[in-house]
Each structure stands twice: as structure tokens, then as C-alpha cells.
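# Analysis of the macromolecular model
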Amino acid sequence: MSDTVQSPLLTFAFDPTATSPGTPIDTFGFADPGDTWGTQLRSVRTAATAFRREFVGTGTPQLVSTHDLVTLPYPTRFGLWRAAVSPMPFVAIRNRLIVVRWLESDGRRRTLLFEPSDVELDQNTPYFASLSAQVPAQLQRRVVKEHGNVLDHLGKLGIDPADVDYLVFDHLHTQDVRRWLGTVTPQPDLDPNTPCKAAFPNAVLLVQRDELRAMVDLHPLQRPWYQPETFLDLPPDAIRPLEGDTLLGPGVALLSTPGHTMGNQSLVLNTASGIWVSSENAIAAECLSPEHSRLPRLAAWSKRWQQEVVLNANTLENTAQQYNSLIKEKAVADRSIVDERFLQFFPSSELTGSWIAPGIRPTFTHRAIQHGQL
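These numbers were taken from a predicted model, which means no experiment stands behind them.

Reading the values: the criteria
- Residues numbered from 1 in each chain as written.
- Predicted model: local features only at pLDDT ≥ 70, side-chain atom pairs only at ≥ 80, totals over all residues.
- Heavy atoms only, no water.
- Core = buried A, V, L, I, M, F, W, Y, C linked by side-chain atoms within 4.5 Å.
- Buried < 20%, exposed > 50% of the residue type's maximum accessible area, 1.4 Å probe, protein only.
- Contact = heavy atoms within 4.5 Å.
- Helix = DSSP H or I, 4+ residues; strand = E, 2+ residues; numbered from the N terminus.
- Expected span 1.5 Å × (residues − 1).
- Polar contact = N/O pair within 3.5 Å; in protein donor to acceptor, adjacent residues only side chain to side chain.
- Arc of directions from axis to C-beta.
- Pairing = 2+ DSSP bridges.
- Axes fitted to C-alpha atoms, helices over the stretch in contact; angles between N-to-C directions.
- Phe/Tyr/Trp six-rings, centres within 6.5 Å; stacked < 30°, edge-to-face > 60°.

Of all hydrophobic cores here, the largest spans 81 residues; its most connected members are Leu113, Leu167, Phe200, Val268 and Val332. Beyond its immediate chain neighbours, meaning those up to four positions away, leucine 167 contacts Leu113, Pro116, Trp180, Leu181, Phe200, Ala203, Val204, Leu205 and Leu206. Membership of the second largest hydrophobic core comes to 19 residues, among which are Leu112, Val168, Leu269 and Trp276.

In C-alpha cells:
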């Protein structure tokens, strides 16, 4: 038996009888359609205080470990939306995998991969494919640097791919998960004769239902950033839709943070150093504390326009909503134990210094989260 999210264009199947993982979180409630964006913003700040207190009480996971995947160019006008003035059209961002492991109350072990990007297949995203076609191969090799792949990183940790329970992305821009979850039919671009075998045979993709709804009938502003056709032949039981904020385990939660996309979500972790939040709503920790930034004109822009965060905005699906979501993340995260001016916000794609953007060097970078051990 399967349910579907569909439109005249695409249909994604999933199993409606499957039990949703974790426990719904109702601390933030649901936005009243009649509320103004300002009212919702105040509500988020108030609810965050209660959430932090409740979340810390759930405990901590056994392991949080981060691993570099790829550094690549990204348009400055997207990553530092409206704020940074630079003659350089691109900055460099580094995409990282987060591995999380915890024990359920009954002793079962769970493993979650956050942002397990298949770097090779993600390059087929229309926006990046178009950009790549305009850049000579020799230059591409200089500006795109792969640091490792998901399976190799897990191998070094000693984690069997069969032990992975959950794959999670903050949103599905660029993602192609066919090699991770397998397909029910052969894929002409991978193997025209045999269905794709799942690298993670026991894993399910946790995705907000709104993200699936968006992909079935993309708006022209959204279309360059998705590969929706790659989701058509996934096994129905490999997709697990979520409805809003969810506690997955001790010190592990997914919070709904829409705006960048309809179904954007953020990973929240309680660790020995306090609460961390990770998403791509911003590309640098200082984008949540721009008053302390040394990036060109970032602090001045923030002060002039009275904007306390700087968004990562490409599709501009709902700017006010994304702003409120980033404030939600800001209100939840603890301050860094390394530099208390900045929060423990870990961008899933973090701004990094590069020769392609002289003068655009982050004031502060986390580089990694390390908590616990296997």
C-alpha cells in the first residue's frame, strides 16, 4: 500500500502505514494565517526559551561528528543576500556531512546522516550544470575541491552503511539520493539494465511533507535548484514525510524552518558544549551576529537596515518567513565556547576563504563539531 504526493507533472510514492519516527514537538505551535510576520517573529523568540529548556532535558546523543565533502563556488549575491559589497561574483562554501548516533530508551542504536550529499550526481542540478558548462574544465578543477565522500567517511568511522537509519537534508536543493536509497526500476544514466542498489539498505529519507509538495510542481524560481525526476523511482518505503518539529532522540531534533524552501528544516543537537543548530539558512555563523563581522560592509549594512541576520537566499520563496526561521535558529543555539560573540550555528555549507573571492574571508568558522565517541 502506498500514498502519493502528486500533480499533473510528477508523483512521489510513500508508505502511509509507516510509523513516523520520533515525537512531535508542539512548543513552537503552528503559525496562525492571520498573524503578521512581526507577530510570528515575536512568538518564535518566546517559544525558543521554552524549547531550549525542554530540549536540554532530553539528554545528548552518543556521537556527533562532521566531515568535509566538497568546496565549491557560490554566488555572492545569494550567500550574503543584499549585505556584502564585493566585486567578486562568487564566494567559496564548504559542504559538510554530520554523523549523529544515539540510543533509544529501549537500547536500540540509531544513526542519522545530515547532508549526505552525493557530490557527483548533485552536479547535474540545472543551476550548477549550466554554470559548469560555462567554465573550462581546467578552471573547474581549481575552484571545485572534493575532500571525501560519504561512504569513505563512514568507513573511517567504522560505521556499516547497513546500520544507517535516517538520511536528512535541510532541504532538497541539488539532491539526488538514488544511489543511497536505491530505485525500483533501472536508471538510464546509472545502469540501463538493473535497478540501482541501495548503498544504505535500511535507511529512510526524513523530509518535510511540504518539501515533497513543492517538488511535484516547481515554480520557475525553484526549478533551477531541484532534480525532482530523480525521486520518482525511489522505493515507497524509503521516504518518510514529517509534519513540522520532531524530536528524534535524546538531544536530536528536526525543527521546521521554512522560507528558503517550503519544507526547509534544521538539525538541532544537544552536546557537551551546548545546543547546536545546522542548516543552510545562512552560510556563516557571523550571519547571525553581523555586528561582529569583519566581512566588507556586513556590519554596516545590518545596522543601517536594522536586520539582525543575513540570509542565504537564492530562490527567494518567502524572505520574511526565512528571516523568522533564522531567528528561530538564533534563539535556540548556544554561544560558542571558542568565541562567545558567535553562536553554535553550523552552516551545512559554510563560507570559507578562497582565492576566488579575495577580501571575503569569514571572521569566524566552526569548521567541525565533535561530541562523544562510538
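Here we take up helix α1 (residues 37-56). If you check α1, its first and last C-alpha atoms are 28 Å apart, about what 20 residues at 1.5 Å a residue would give, namely 28 Å. Turning to α1, its buried residues are Gln40, Leu41, Val44, Ala47, Ala48, Phe51 and Phe55. At its buried positions, α1 is contacted by β13 (246-249), β14 (252-256), β15 (265-271), β16 (274-279) and α10 (319-332).

What follows is about the side chain of threonine 315. With respect to the helices and strands, the residue threonine 315 is situated in the loop between α9 (298-305) and α10. With a relative accessible area of 2%, threonine 315 lands in the buried category. A polar contact is formed between the side chain of threonine 315 and the backbone oxygen of histidine 260, at a distance of 3.1 Å.

On to helix α6 (residues 150-157). Buried within α6 are the following residues: Val150, His153 and Leu154. The buried residues of α6 all sit within an arc of 100° when viewed along its axis, so they share a single face. Residues Gly155 and Lys156 are exposed on α6 and point more than 90 degrees away from its buried face. In this structure, the buried side of α6 is in contact with β4 (63-75), β5 (90-103), β6 (109-114) and α7 (178-181). Immediately downstream of α6, the backbone of glycine 158 shows phi near 80°, a positive value.

Tracing the chain through its elements places glutamine 134 in the loop between α4 (126-133) and α5 (137-143). A relative accessible area of 61% means that glutamine 134 is categorised as exposed.

Read across the open sheet, the six strands follow the order β3-β13-β14-β15-β16-β17; overall the sheet is mixed. Two strands close off the open sheet at either side, each with one partner strand: β3 (23-24) and β17 (345-347). On the sheet, α1 packs against β13, β14, β15 and β16 and is oriented at approximately 50° with respect to β15. Together, β14, β15, β16 and β17 form the strand contacts of α10, whose direction differs from that of β16 by roughly 160°.

Of all five residues in β14, five are buried; the element is thus mostly enclosed. By the alternation rule, side chains of β14 split into Val252, Leu254 and Ser256 and Ala253 and Leu255, which are all buried. Bridging between β13 and β14 involves three bridges; their strand directions are antiparallel. Residue pairing in the sheet places leucine 247 in a bridge with alanine 253 of β14. The antiparallel pairing of β13 with β14 creates a hairpin that spans two residues between the two strands, and glycine 251 there sits at a positive phi of about 70°. As paired strands, β14 and β15 are joined by five bridges and run antiparallel to one another. Within the sheet, the bridge partner assigned to leucine 255 lies in β15 and is serine 266.

Turning our eyes to something else, we now look at the packing of aromatic side chains. Inspection of the entire model under this criterion finds 12 aromatic pairs. Arranged with centres 6.1 Å apart and planes meeting at 15°, the rings of tryptophan 102 and tyrosine 166 form a pair that is stacked. Here the residue tryptophan 102 occupies a position in strand β5, and tyrosine 166 occupies one in strand β8 (residues 166-168), the gap between them amounting to 64 residues. Each member of the pair, tryptophan 102 as well as tyrosine 166, is classed as buried. Each ring, one from tyrosine 127 and one from phenylalanine 128, has its centre 5.3 Å from the other, and the planes form 85°; the classification is edge-to-face. Of the two residues examined, tyrosine 127 and phenylalanine 128, each falls in the buried class.

Tracing the backbone shows asparagine 270 in strand β15. Spatially, the C-alpha atom of asparagine 270 lies 15 Å from that of phenylalanine 114, the residues being 156 residues apart in sequence. At a separation of 2.9 Å, a polar atom in the side chain of asparagine 270 contacts the main-chain carbonyl oxygen of glycine 59.

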